[in-house]
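# Structure assessment
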Amino acid sequence: MGNPVVHFEVLGKDVKSLQNFYNSAFGWEMKPVMAEYTMATPGGPTGINGGIGAAMGGGAGHVTFYVAVDDLGAALKKIESLGGRTISGPMDVPGGPSIAMFADPEGHVIGLVKGM
């Protein structure tokens, strides 16, 4: 079995505006889970859920997708051998899965998730 995309994030400076935009544009249901982070539920039989929240430190926003893997450390090691680099090593999300972040050879930041 391959490694599916299982989650996405849209992070930016004006969280409420982003949440309202995606709700209005696509009818996504928004469920607050933290102060400035909401789970977006697109619904439908083929859609994946994601999050819309504040960019860290009020910085520039970005969009990230997360790929499911069995072993975060092994995936990061393979990614590095292929020219990528680790941005953040494995960490546990409170009440959620374990995640890590990497940059591909062109610098695009992608997430890895274990336990989804």
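In the block above lies the structure referred to throughout.
Below you will find a few notes about this structure. (Residues numbered from 1 in each chain as written. Predicted model: local features only at pLDDT ≥ 70, side-chain atom pairs only at ≥ 80, totals over all residues. Heavy atoms only, no water.)

## Considering the packing of aromatic side chains
Evaluation of the coordinates by the stated rule reveals five aromatic pairs. Both rings, one in Phe-21 and one in Tyr-22, keep their centres 5.0 Å apart while their planes meet at 90°; by these two values the pair is edge-to-face. Joined through ring pairs, the aromatic side chains of Phe-8, Phe-21, Tyr-22, Phe-26 and Trp-28 make up one cluster. (Phe/Tyr/Trp six-rings, centres within 6.5 Å; stacked < 30°, edge-to-face > 60°.)

## A few points about helix α2 (residues 72-81)
Here α2 has its buried residues at Leu-72, Ala-75, Leu-76 and Ile-79. Around the axis of α2, the buried residues are gathered within 100° of arc, so they sit on the same side. Exposed side of α2, more than 90 degrees from the buried face: Lys-77, Lys-78 and Ser-81 are the residues found there. In this fold, the buried residues of α2 make contact with β6 (85-92), β7 (98-103) and β8 (109-114). With a side-chain oxygen positioned 3.0 Å from the backbone nitrogen of Gly-73, the residue opening α2 is Asp-71. (Buried < 20%, exposed > 50% of the residue type's maximum accessible area, 1.4 Å probe, protein only. Helix = DSSP H or I, 4+ residues; strand = E, 2+ residues; numbered from the N terminus. Arc of directions from axis to C-beta. Contact = heavy atoms within 4.5 Å. Polar contact = N/O pair within 3.5 Å; in protein donor to acceptor, adjacent residues only side chain to side chain.)

## Quick word on the layout of surface pockets
Volume-wise, the largest pocket comes out at about 830 Å³. Here the lining of the largest pocket gets four residues from one element, more than from any other, and that element is strand β1 (residues 5-12). Class assignment of the residues belonging to the lining of the largest pocket gives a composition of 19 nonpolar, seven polar and two charged. (1 Å grid on protein atoms, 1.4 Å probe; cavity = no way out; pocket = protein on both sides within 12 Å on 5 of 7 lines; lining within 4 Å. Points joined across faces, edges and corners; volume = space filled by probe spheres on them. Nonpolar A, V, L, I, M, F, W, Y, C, P; charged D, E, K, R; others polar.)

## Some details on the sheet that holds strand β5 (residues 62-68)
An order of β2-β3-β4-β1-β5-β8-β7-β6 is seen for the eight strands of this open sheet, with the pairing classed as mixed. Every other strand in the sheet has two partners, leaving β2 (29-34) and β6 as the edge strands with one partner each. Averaged over all pairs of adjacent strands, the angle between strand axes in this sheet comes to 25°, irrespective of strand direction. Note that β6 and β7 share five bridges and pair antiparallel. Pairing of Met-91 across the sheet is with Ile-99, part of β7. Running over the sheet, helix α1 (residues 15-26) touches β1, β2, β3 (37-41) and β4 (50-54) and is turned about 150° from β4. Strands in contact with α2 are β6, β7 and β8; relative to β6, the strand with the most contacts, it is inclined by about 180°. (Pairing = 2+ DSSP bridges. Axes fitted to C-alpha atoms, helices over the stretch in contact; angles between N-to-C directions.)

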